[in-house]
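# Notes for the structure review
Next come the chains, spelled out residue by residue.
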Amino acid sequence: MTPGAGRDASPSVPRSADVARLAGVSRKTVSRVLNDEPYVSDEARSRVLAAAEELGYRLNHAARALASGRTRSLGVVALGTAGYGTASLLVHIEHAVRDAGYALRVINTPDGDPEGIAGAVESLLEQGVDGVVVSEPMVKGEVPLRVDVPVLFLGAPPSFTATRTVTVSVGAHALARAATEHLLDLGHETVHHLAGPRRWYATKDRIEGWQAALAARGAHEPPLLNGDWSAASGYAAGRALAADRSVTAVFAAGDEMAIGLIHALREAGRRVPEEISVVGFDGNPVFAYVSPPLTTVRQPFDAAAREGIRLLVHAIEKPDTDLPQADEPPVELVVRGSTAPPPPHRVRPPLRTV
């Protein structure tokens, strides 16, 4: 048999020289276009991209890593939980990292303690990542660590020192304020708040947004309740609130807690929203199909992840330039069937004292 007979004939892998030949430009121009560098005309850029697509050319990231000293990979330190908010943010981070042309390495920390975060970051650095994303939402003090690559902190202030730090808000304060203002706009004289665990940055931001909305309207600030993000903790809070006939509106810091809260209220004979309105937080689409459908504020996971990765990649690839201005995350209130004006007869809450 002739050598090679019986094998599928396949074309050779296209090279940058093939793209340059088809586009009628130099290989340097191809390199500039595919690396998104300046000094290329729009017309030449279009020809190169069209030629690369026609040939099925893929940029050799391994070769670029050897040439630049970078691995084109980013590391993420995330809380090891399957909660909707944490998991959704991680999914959108992965999409944004992939769209930026980087690979992703993820390490989950179960407790959010400084030693655990430090160990996770050190492990990522040993793998040669070009930058680190910290979507660690807990408050437990400074992390004893210095990092020699840029670091993005999502939804929390920097907790350790890095070559360059980038902070991007997920808009929790503004969303909490919007949720509270929605209930006040409906005519409720005040709004109770079921907060998350005290050690989370997310809890702190949502409490402050709730307080700001009440203060701006001169509304009484009721005693705070704390849950643990679970429906069970919402149920426990609902049992406590159901006995207080002055309660007409509750803002829960998480959708699952809001669902547990509503279940307890209805079990105790309190109608939602006719007697008590409830607003959640996160925007879990599942809760559009409960009874009543949950009014909530939707966290901008997609926008926060894209903005954060955009700035982190800028810090990595253009270390000597200023960071672009960060865009503010959008505020989206999703009004459904769990909120309504207060009942016409209710016990007035005590006057706010100075």
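This text goes with the structure placed above it.
Residues numbered from 1 in each chain as written. Predicted model: local features only at pLDDT ≥ 70, side-chain atom pairs only at ≥ 80, totals over all residues. Heavy atoms only, no water.

### Structural notes on unusual backbone geometry
Note on backbone geometry: most residues besides glycine have negative phi, and most peptide bonds are trans. A cis geometry characterises the amide bond from Val272 onward to Pro273, with omega recorded as 10°. With respect to the secondary-structure elements, Pro273 resides in the loop between helix 10 (255-267) and strand 11 (277-282). Pro292 follows Ser291 through a cis peptide bond whose omega is -5°. With respect to the helices, strands and loops of the structure, Pro292 is situated in the loop between strand 11 and strand 12 (295-298). Phi is positive for Trp229, close to 80°, though the residue is something other than glycine. According to the relative accessible area criterion, Trp229 is buried, its value standing at 19%. (Helix = DSSP H or I, 4+ residues; strand = E, 2+ residues; numbered from the N terminus. Buried < 20%, exposed > 50% of the residue type's maximum accessible area, 1.4 Å probe, protein only.)

### Regarding the side chain of Ser246
Along the chain, the position of Ser246 falls in the loop between helix 9 (231-242) and strand 10 (249-252). A polar side-chain atom of Ser246 sits 2.7 Å from a polar atom in the side chain of Asp244. (Polar contact = N/O pair within 3.5 Å; in protein donor to acceptor, adjacent residues only side chain to side chain.)

### Brief notes about the layout of surface pockets
Empty space among the atoms can be located by rolling a probe the size of a water molecule over them. Of the volumes computed, that of the second largest pocket is approximately 560 Å³. In terms of lining, the second largest pocket is formed by 30 residues, of which the most central are Gly85, Thr86, Trp200, Arg206 and Gln299. Of all the secondary-structure elements, those providing two or more residues to the lining of the second largest pocket are helix 5 (84-99), helix 8 (201-217) and helix 10. Per-class residue counts for the lining of the second largest pocket are 13 nonpolar, 10 polar and seven charged. (1 Å grid on protein atoms, 1.4 Å probe; cavity = no way out; pocket = protein on both sides within 12 Å on 5 of 7 lines; lining within 4 Å. Points joined across faces, edges and corners; volume = space filled by probe spheres on them. Nonpolar A, V, L, I, M, F, W, Y, C, P; charged D, E, K, R; others polar.)

### Comments concerning the nonpolar core
Judged by nonpolar contacts, the single largest core of 23 residues is most densely connected at Leu74, Ile93, Val133, Leu152, Leu154 and Ile309. Listing elements by their share of this core, those giving two or more residues are strand 1 (73-79), helix 5, strand 5 (151-154), strand 7 (165-168) and helix 11 (301-317). Ranked by the residues each element gives to this core, the list is headed by helix 11, at nine residues. Residues within four places of Leu152 in sequence aside, it is in contact with Val132, Val133, Val134, Val166, Val168, Gly308, Ile309 and Leu312. In terms of nonpolar packing, the next biggest core, distinct from the first, is built from 22 residues, Leu194, Ala237, Met257 and Val278 among them. (Core = buried A, V, L, I, M, F, W, Y, C linked by side-chain atoms within 4.5 Å. Contact = heavy atoms within 4.5 Å.)

The values reported here are purely geometric and, on their own, carry no functional implication.
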